[in-house]
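Structural characterization, general
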Amino acid sequence: QVQLVESGGGFVQPGGSLRLSCAGSGLDPGAYDIGWFRQVPGKEREAVACTSSSKWTTYYVDSVKGRFTISRDNAKNTVYLQRNNLKPEEPAVYYCAADPRDYNPACLYYTGPYYSYYFTSWGQGTQVTVSS
């Protein structure tokens, strides 16, 4: 099973930037879809972005388009979430998750109710706080 480790979280002021990292092991780089999710304590987990193994297509929820960028560094077996122009938000844990199955269109369903059927490998999460 793919193992994922998130890092890069912390405290940042509104308008600042933060880059989250998701380091993976167990499979060759770029072989699987990887999504970013966030969860505020007491609330449901919600999708943020996704990058697919098929041509490395990227997906973003409307609220982060133009501000967040998801990218891959296959040499380091790492996926990044560059977060710019950060808006105030509730403290949340950001998770990366992977669908280790090739040719499985997990990113097409990452915002829907069935995302857990596709993304079966999850990291431990990294805490992010955006506040003045």
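See the structure above.
All of these numbers come straight from a predicted model, not from anything done at the bench. (Residues numbered from 1 in each chain as written. Predicted model: local features only at pLDDT ≥ 70, side-chain atom pairs only at ≥ 80, totals over all residues. Heavy atoms only, no water.)

Below, the discussion takes up the pairing of strand β4 (residues 33-39). Counting buried residues in β4 gives six out of seven residues, a clear majority hidden from the surface. Of the strand pairs in this sheet, β4 and strand β9 (residues 89-99) are connected by seven bridges, and their pairing is antiparallel. Across the sheet, the residue bridging to W36 is C96, located in β9. For β4 and strand β5 (residues 46-51), the ladder comprises five bridges, and the chain directions are antiparallel. From the neighbouring strand, R38 faces β5, where its bridge partner is E46. (Buried < 20%, exposed > 50% of the residue type's maximum accessible area, 1.4 Å probe, protein only. Helix = DSSP H or I, 4+ residues; strand = E, 2+ residues; numbered from the N terminus. Pairing = 2+ DSSP bridges.)

The next subject is the pattern of salt bridges. If you walk through the whole model with that rule in mind, you get six salt bridges. E46 serves as the salt-bridge partner of R38, at 2.5 Å between the closest nitrogen and oxygen. The shortest N-O distance in the salt bridge between E90 and K43 comes to 2.7 Å. Highlighted residues: E90 in strand β9 and K43 in the loop between β4 and β5, separated in sequence by 47 residues. Through salt bridges with shared partners, a single ionic network connects R38, E46, R83 and E89. (Salt bridge = Lys/Arg side-chain N within 4 Å of Asp/Glu carboxyl O.)

The final tally for this structure, using the stated rule, is eight aromatic pairs. Arranged with centres 6.1 Å apart and planes meeting at 70°, the rings of Y115 and W122 form a pair that is edge-to-face. Members of the aromatic cluster, joined through ring pairs, are F37, Y95, Y115, F119 and W122. Its guanidinium or amino end placed over the ring of Y80, R19 lies 4.2 Å from that ring's centre, counting from NZ or CZ. (Phe/Tyr/Trp six-rings, centres within 6.5 Å; stacked < 30°, edge-to-face > 60°. Lys NZ or Arg CZ within 6 Å of the ring centre and 35° of its normal.)

It is worth spelling out the state of the cysteines at this point. Enumeration according to the criterion identifies two disulfides in this entry. Here C22 engages in a disulfide with C96; their sulfurs sit 2.1 Å apart. With the S-S dihedral at roughly 75°, the linkage between C22 and C96 falls on the right-handed side. Within this pair, whereas C22 is found in strand β3 (residues 18-25), its partner C96 is found in strand β9, the two being separated by 74 residues in sequence. With respect to burial, C22 and C96 carry one shared label: buried. A disulfide bridge connects C50 with C107, and the sulfur atoms are separated by 2.0 Å. Handedness of the C50-C107 disulfide follows from its S-S torsion of about -75°: it is left-handed. In this pair, C50 sits in strand β5 while C107 sits in the loop between β9 and α1 (115-118), placing the two residues 57 residues apart along the sequence. The same class applies to C50 as to C107, namely buried. Each disulfide of the protein joins two cysteines, and with those cysteines numbered along the sequence the arrangement is 1-3, 2-4. (Disulfide = S-S within 2.5 Å.)

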